[in-house]
Amino acid sequence: MPRRGSRLEKGGPDAPSPRPPLEELSGLRHNPGRLRALSYVPEGLSGPAPLVVVLHGCGQSAEGYDLGSGWSRLADRHGFALLFPEQSPANNPGRCFNWFTVGDTQRGMGEAASIREAIGTMARSHEIDRGRIFVTGLSAGGAMASVMLATYPEVFAAGAILAGIPYGCASGIAEAFDCMGGRSRLSDEALAANVRRASPHRGPWPRVSIWQGTADATVVPSNADALARQWCRLHGFANGPDIVDEVDSYPHRVWQNVHGEPAVEQFIVTGMGHGTPLMPGEEEGQSGQAMPHMLDVGLSSTDRIAQFFGIAAGAPLHAGRAAPAARGCRRKRRSGPEAAPAGPPQIVAGTALRASGLLE
């Protein structure tokens, strides 16, 4: 397990190479969450093209997260569009998406509605394949990705949650810190029921990829298991994972649908703290730049997530050995910090996350 300040924990010293700037997305008709939205469309992209919605973490910007994660480089390589919602200090001084605020996490309201409107604007402005829209995010962005998958499941084919929180775990600042610290008292069925109640959707659920570092002290690792159980219940899986293997030496678990495709997967990045796992480089399977909370661990989550979404080439992620019954999804088949101090929720969140090391 790395020491604080190591290359694994803090990222290497290399400065990110320059990229074409993201473009401001204009034409939003409805923006109740007062979010900024930026886009990246590779030159000459022909449609209908996939769209990936990318949600940054606290203290980050859309362009900074893109530089660190390498999503726009991958979009150039494989041909898909990107949408980057961006939080403002006016909404949250820590630049965190407000995943714990009821008014921002309900269908048709607040930040969730703003992100949905930005997706619609992208689809109107570009030739987007509405059957291949995806969402991913880190930390508060990961928690907001959970929100989007729950409140607008009909929009997304799949999502990826990095160091995130199950939807419905928190409805206020005190509960948010309980969730981050793994102290939620909600049962697995209650977490699944929260998603079912979040929209009128009754069709197939999005597929979900879950990523977590074992040394994460900001969002503790038990959240990754809670996320897996939440989405396994929604997909109706009765047992543990179908596949248990290793990818680039890291534990990987997969629950397959009836077609043998990965419906829920979980990567556990041993020794990694709070951040996005990367393998910087220019070769296939390598993406990103090491920097704070963008961590060179020899595994590119950006590439692997794009493979899970089905929009990038690569070895099938569900190729591994069959698994015995294991911890995780149980068992019904269907046909961090102490208690938060007082103060305004957004200010309290920014202060606590800065103290925890997420904000520099």
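These figures come from a predicted structure and were not determined experimentally. (Residues numbered from 1 in each chain as written. Predicted model: local features only at pLDDT ≥ 70, side-chain atom pairs only at ≥ 80, totals over all residues. Heavy atoms only, no water.)

### Some remarks on the packing of helix 4 (residues 110-125) against helix 5 (residues 140-151)
Where helix 4 meets helix 5, the axes come as close as 10 Å, and the angle between the chain directions of the two elements is 75°. Taken together, the axes of helix 4 and helix 5 are roughly perpendicular relative to one another. Each of Glu111, Ala112, Ile115 and Arg116 in helix 4 lies in contact with helix 5, whose residues at this interface are Met144, Val147, Met148 and Thr151. Looking at the contact of helix 4 with helix 5 residue by residue, the class counts come to five nonpolar, one polar and two charged. (Axes fitted to C-alpha atoms, helices over the stretch in contact; angles between N-to-C directions. Helix = DSSP H or I, 4+ residues; strand = E, 2+ residues; numbered from the N terminus. Parallel < 35°, antiparallel > 145°, perpendicular 65-115°, else oblique. Contact = heavy atoms within 4.5 Å. Nonpolar A, V, L, I, M, F, W, Y, C, P; charged D, E, K, R; others polar.)

### A look at the packing of helix 7 (residues 188-197) against helix 8 (residues 222-235)
Contact geometry for helix 7 and helix 8: axes closest at 9 Å, N-to-C directions at 60°. One finds that helix 7 runs oblique with respect to helix 8. Crossing of helix 7 over helix 8 shows right-handed handedness. Listed contacts from helix 8 to Asp188, Glu189, Leu191, Ala192, Val195 and Arg196 of helix 7 are Ala226, Arg229, Gln230, Trp231, Arg233 and Leu234. By residue class, the composition of the contact of helix 7 with helix 8 is six nonpolar, one polar and five charged. (Left-handed = near helix turned anticlockwise from the far one by under 90°.)

### So, the pattern of salt bridges
Enumeration according to the criterion identifies 12 salt bridges in this entry. We note a salt bridge from arginine 183 to aspartate 178, for which the minimum N-O separation is 3.2 Å. Residue classification places aspartate 178 among the partly exposed positions, given a relative accessible area of 25%. A salt bridge links aspartate 225 to arginine 253; the shortest N-O distance between them is 3.5 Å. (Salt bridge = Lys/Arg side-chain N within 4 Å of Asp/Glu carboxyl O. Buried < 20%, exposed > 50% of the residue type's maximum accessible area, 1.4 Å probe, protein only.)

### Structural notes on the environment of glycine 94
For glycine 94, the location among the structural elements is in the loop between strand 4 (81-86) and helix 4. Residues glycine 94 and glycine 57, spaced 37 residues apart in sequence, show a C-alpha to C-alpha distance of 9.5 Å.

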